[in-house]
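A structural walkthrough
Read off the chains here:
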Amino acid sequence: MCGITGFTGKVPALPILLKGLESLEYRGYDSAGVTLVTEDALFTQKRKGRLADLESSMDVPSFMQTTGIGHTRWATHGVPSQLNSHPHTNEKETISIVHNGIIENYQSIKEKLIALGYVFQSDTDSEVIVHLLDHYYQGDMMEAIQKTVQQLNGSYAICVVTTDHPDEVYVAKDSSPMVIGHSENGSYCASDIPAILEYTKDVVILEDGQMAKLTPNGVAVFDFAGNALETKVTHIPYDMNAAQKGGYTTFMEKEIYEQPVAIKETMRGIIDHGQIHLPQLDAVDMQKIQYVHFVACGTAYHACLYAQALVQKWLGRIVTCVAASEFRYGNYPVNENTLCVFVTQSGETADTLAALKMSKEKGAQCIAVTNVLGSSISRYADQTLYTSAGPEIAVASTKAFTTQLVLLTLMVFDLAKKEGREIPDGDAILKDLQRMPEIVKEMLEKAPLMDQYAYFLDNQYDAYFIGRQMDYVGVVEGALKLKEISYVHADAYLAGELKHGSIALIEKDTVVVALATEPSVAAKTISNIEETVARGANVILITTQQQDAPGFKNVIRIPDIHPVLATIPVTVLLQLFAYYAAVHKGRDVDKPRNLAKSVTVE
Ligand code: F6R
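Here's a quick rundown of the structure. (Residues numbered from 1 in each chain as written. Predicted model: local features only at pLDDT ≥ 70, side-chain atom pairs only at ≥ 80, totals over all residues. Heavy atoms only, no water.)

What follows covers the site of the ligand. Close to the ligand lie 13 residues; Thr 344, Gln 345, Ser 346, Thr 349 and Glu 484 are nearest. A distance of 2.6 Å separates an oxygen atom of the ligand from a polar atom in the side chain of Ser 346. Ser 397 is positioned with one of its backbone polar atoms (N or O) 2.9 Å from an oxygen atom of the ligand. Notes on the ligand: free accessible area 410 Å², of which the protein chains cover 90%. Elements with a minimum of two residues in the shell around the ligand: α9 (298-314) and α17 (471-486). For the shell around the ligand, the element with the highest residue contribution is α9, accounting for three residues. A class-by-class count of the residues in the shell around the ligand yields four nonpolar, seven polar and two charged. (Near = heavy atom within 4 Å. Polar contact = N/O pair within 3.5 Å; in protein donor to acceptor, adjacent residues only side chain to side chain. Areas by Shrake-Rupley, 256 points an atom, 1.4 Å probe, with all protein chains shown as cover. Helix = DSSP H or I, 4+ residues; strand = E, 2+ residues; numbered from the N terminus. Nonpolar A, V, L, I, M, F, W, Y, C, P; charged D, E, K, R; others polar.)

Structure (structure tokens):
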């Protein structure tokens, strides 16, 4: 989720590149850089830290070059540092590139390039691109790009400049975004619309497998075979503020809709021909492990509840799930025979970090699951697994959570393999996991329905979420999401526990959100729901295609999917429900009161 800008035209490029990067700053980044081009030389300046630091390190008005590329980096391979920052250049300093995405096969390409004599400056996957271009370049950069992209597996949007053609910028993309545009001053490219919106509202949104050549006079689009294509122009009707949110009203809404892509990116490179491999777990000796603890806070803690349920089902180990704020103070068995997994979107949550430090001191094997490369947790953990959700800006966690569920499922699969255990229905579960981006898309299409159901809360102060077994993960997460952004009081209960006290709260029109997606207990949950209906509850039921639900008015059926994975589509529905409830109540959805995105105090 890096930011890219590029320009070639009749005016100095640097202010345009920096301003474009500034408009992408809201998404978060750890380093920034630019390359400016003349026929004599490339000038590259990059550094770890803020864009403002980069800018103040340059005397901007003195740079008159009219072609250049810029980048803000959100680290995926290689920690945030000066050397890992983009742009990357070839040894002769005649070609410079910026990249957004992940090159899955970079290791094998790197080995081949090293054998050819190429010297690498960084730990990034991206650097292979510039050396491949150098290797293939014989005067025609479009041809070199065509040959280079044939070698790449993964996702990429790349932007290239060379001293040989100092008034040209080249771009190519597959699975990462790239837009281009033109105005009387020149041609622009960027990883996202806000970066060029000030110059033109008519943009070409490149499709996968397309490349383009930008010159001061215009843009030309080609396929990867070099055939010229018709440029399809899209008029952007919204302003900069809306553009930063991708045309959505809030970051939370945007992030909810980014989930199909985030899930796809998180799985990328992990499942190969039905086999899972997470090299970060290679050092975990399952024969030694007696206890597994999942530790986290808030929404990440709910992801841990899910992982705990999977370990209970599939591994022969004692497993707990503990809130990080409690873990240090409880007397949990933590020693060299313990595997501790710490889950945190930000990688900076103080309670989670403290729990990790304590576990390390006691000799446990510590694995982190986080969304932010180079975050504190990744520095302390023995190994780190990354969700590839991209920057999450809204305070309420959405895409980070569903990607955590996906990654934790893959992790438990890998641990089971180490234990030599066969997961029941393992192949079917993996197939469904690979279909998950499509399934989540189907759920997003139900947004109007969830919007309508959210009106049930208009005159209500409370809502109750109920479910059994793995549906309990969905209910706790659904209730938390509703509370934190709409301020409607919401409680989550095990459906079977309701009759032991909490049912006293149910009265006419009380909103009950019931999950019954686990076939083995769905009928029992339905009986519990009927008990609430008998007391006047207004029930929204989320269940499977097959489940009998006679007499219920508000039923949403999730697509056919293995029950252990149902939490993912269900969560998407509940995120939408909470979102619309908050919108109807006029709440500040992205910045709910009293909350911070990253809780760095205990
Ligand atoms: C809720 C939410 C919080 C976080 C929690 C942990 O939507 O976002 O509950 O999940 O503060 O944060 P991380 O995952 O950054 O450790």
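By the bridge criterion, seven bridges tie strand β2 (residues 31-37) to strand β3 (residues 42-48) in an arrangement that is antiparallel. Counted as the bridge partner of Ala 32 is Arg 47 from β3. Hairpin connection of β2 to β3: four residues between the antiparallel strands. (Pairing = 2+ DSSP bridges.)

The subject of this paragraph is the packing of helix α8 (residues 259-267) against helix α13 (residues 399-419). Running from N to C, α8 and α13 cross one another at 30 degrees; their axes reach a closest spacing of 9 Å. One finds that α8 runs roughly parallel with respect to α13. Here α8 and α13 pass one another in a crossing that is right-handed. Together, Gln 259, Ala 262, Ile 263, Thr 266 and Met 267 of α8 and Lys 399, Thr 402, Thr 403, Val 406, Leu 407 and Leu 410 of α13 make up the contact between the two elements. The class makeup of the residues in the contact of α8 with α13 is six nonpolar, four polar and one charged. (Axes fitted to C-alpha atoms, helices over the stretch in contact; angles between N-to-C directions. Parallel < 35°, antiparallel > 145°, perpendicular 65-115°, else oblique. Left-handed = near helix turned anticlockwise from the far one by under 90°. Contact = heavy atoms within 4.5 Å.)

This part covers the nonpolar core. The biggest cluster of nonpolar side chains holds 98 residues, and the ones touching the most others in it are Leu 410, Phe 465, Leu 482 and Phe 577. With 12 residues, the top contributor of residues to this core is helix α19 (residues 567-584). Those residues in contact with Leu 410 that sit more than four places away from it in its chain are Met 267, Ile 270, Ile 271, Ile 276, Leu 278, Leu 430 and Leu 433. (Core = buried A, V, L, I, M, F, W, Y, C linked by side-chain atoms within 4.5 Å. Buried < 20%, exposed > 50% of the residue type's maximum accessible area, 1.4 Å probe, protein only.)

Bringing the pattern of salt bridges into the picture now. For the coordinates displayed, the defined rule picks out 20 salt bridges. Across the pair Lys 19 and Glu 198 runs a salt bridge, and its minimum N-O distance is 3.0 Å. Placement of Lys 19 in helix α1 (residues 14-23) and of Glu 198 in the loop between β10 (186-190) and β11 (202-205) is noted, with a sequence separation of 179 residues between them. One continuous salt-bridge network, built from bridges that share partners, spans Glu 104, Glu 265 and Arg 268. (Salt bridge = Lys/Arg side-chain N within 4 Å of Asp/Glu carboxyl O.)

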